[in-house]
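Residue-level structure breakdown
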Amino acid sequence: NAGVTQTPKFQVLKTGQSMTLQCAQDMNHEYMSWYRQDPGMGLRLIHYSVGAGITDQGEVPNGYNVSRSTTEDFPLRLLSAAPSQTSVYFCASSYSDGQPQHFGDGTRLSIL
Amino acid sequence: GNSVTQMEGPVTLSEEAFLTINCTYTATGYPSLFWYVQYPGEGLQLLLKATKADDKGSNKGFEATYRKETTSFHLEKGSVQVSDSAVYFCALIFNDYKLSFGAGTTVTVRA
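Residues numbered from 1 in each chain as written. Chains lettered and ligands numbered in written order. Predicted model: local features only at pLDDT ≥ 70, side-chain atom pairs only at ≥ 80, totals over all residues. Heavy atoms only, no water.

1. Considerations on the overall build of chain B
Short version of the rule: Strands are runs of DSSP state E lasting at least 2 residues, helices are runs of H or I lasting at least 4, and numbering of each runs from the N terminus. We take the radius of gyration over the C-alpha atoms and set the globule estimate at 2.2 Å times the residue count to the 0.38 power. Relative accessibility under 20% of the residue-type maximum defines a buried residue, over 50% an exposed one, and the middle range a partly exposed one, all with a 1.4 Å probe and only protein chains included. Note on contacts: a residue pair is in contact if any heavy atoms of the two residues lie within 4.5 Å. For the area figures, the Shrake-Rupley method with a 1.4 Å probe applies, and any residue is considered shielded solely by the protein chains shown. Working convention for charge: Lys and Arg count positive, Asp and Glu count negative, and His plus the chain ends are omitted. Taken as the charge centre is NZ of Lys, CZ of Arg, CG of Asp or CD of Glu, depending on the residue.
A count of helical and extended segments in chain B gives 0 helices and 12 strands. By the compact-globule yardstick of 13 Å for 111 residues, chain B fits well, its C-alpha radius of gyration being 13 Å. Within chain B, the fraction of its 111 residues that count as buried is 47%. Sequence-distant contacts, at least 24 apart, represent 56% of the contacts inside chain B between residues at least 6 apart. Total accessible area computed for chain B in this model is approximately 5200 Å², and 46% of it derives from carbon and sulfur atoms. Across chain B, the 9 positively charged side chains and the 11 negatively charged ones have centroids separated by 5 Å.

2. With respect to the pattern of salt bridges
Residue and element names in this part refer to chain A. Applicable threshold: A side-chain nitrogen of Lys or Arg and a carboxyl oxygen of Asp or Glu constitute a salt bridge if their distance falls within 4 Å.
Here the structure, examined in full by the defined rule, presents 5 salt bridges over all chains. In this structure, D38 engages R36 in a salt bridge whose closest nitrogen and oxygen atoms are separated by 2.8 Å. Exposure remark for D38: the relative accessible area of 10% places this residue in the buried category. Among the salt bridges present, the one from D38 reaches R44, with a minimum N-O distance of 2.8 Å.

Here's what the structure looks like:
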């Protein structure tokens, strides 16, 4: 029972590089989301999706893109990494609105 | 908009001490309230939840009561263990999928 799987667990990038953080869930959840966790700020919502083909912006979307071509996958793309994007990124999913979300183990990203 | 304010800490306790982490919220209407826990190096896990006023969520010896009159959802445990050392997050959802989190409280329990 894998739940929410994030890859990679760690990544170091240089400023200006691009990369994709992967997120997959096997629970047939409609809702998926991406958060970033920074010290003293809790988790902040980057982007979310309420179903395949539907995405929307959260609280801090700038510098990030998402797509949702399948129910299972919700990748997060950094097109041109900046040091301000150094953070721990969490993907989460839930079955329906108002329900608790299931979180992945996170991706720790450092931008030099 | 919806927001959560929680005691930031850090909090350091001895084993078997009583733990309280304060959480208050601002929301239009009546949100669902959650406590999540993050153990070192791991993702967030749901600890407990309450969906309406006066509900009490409980799990692993932790409790929190949804207080509409004080817009609060304080987390309590009567006797903490070293294994309770973690970061605790208060959060809410109101009529949608988007969680609003507090800043998190780091709790360290010493043997």
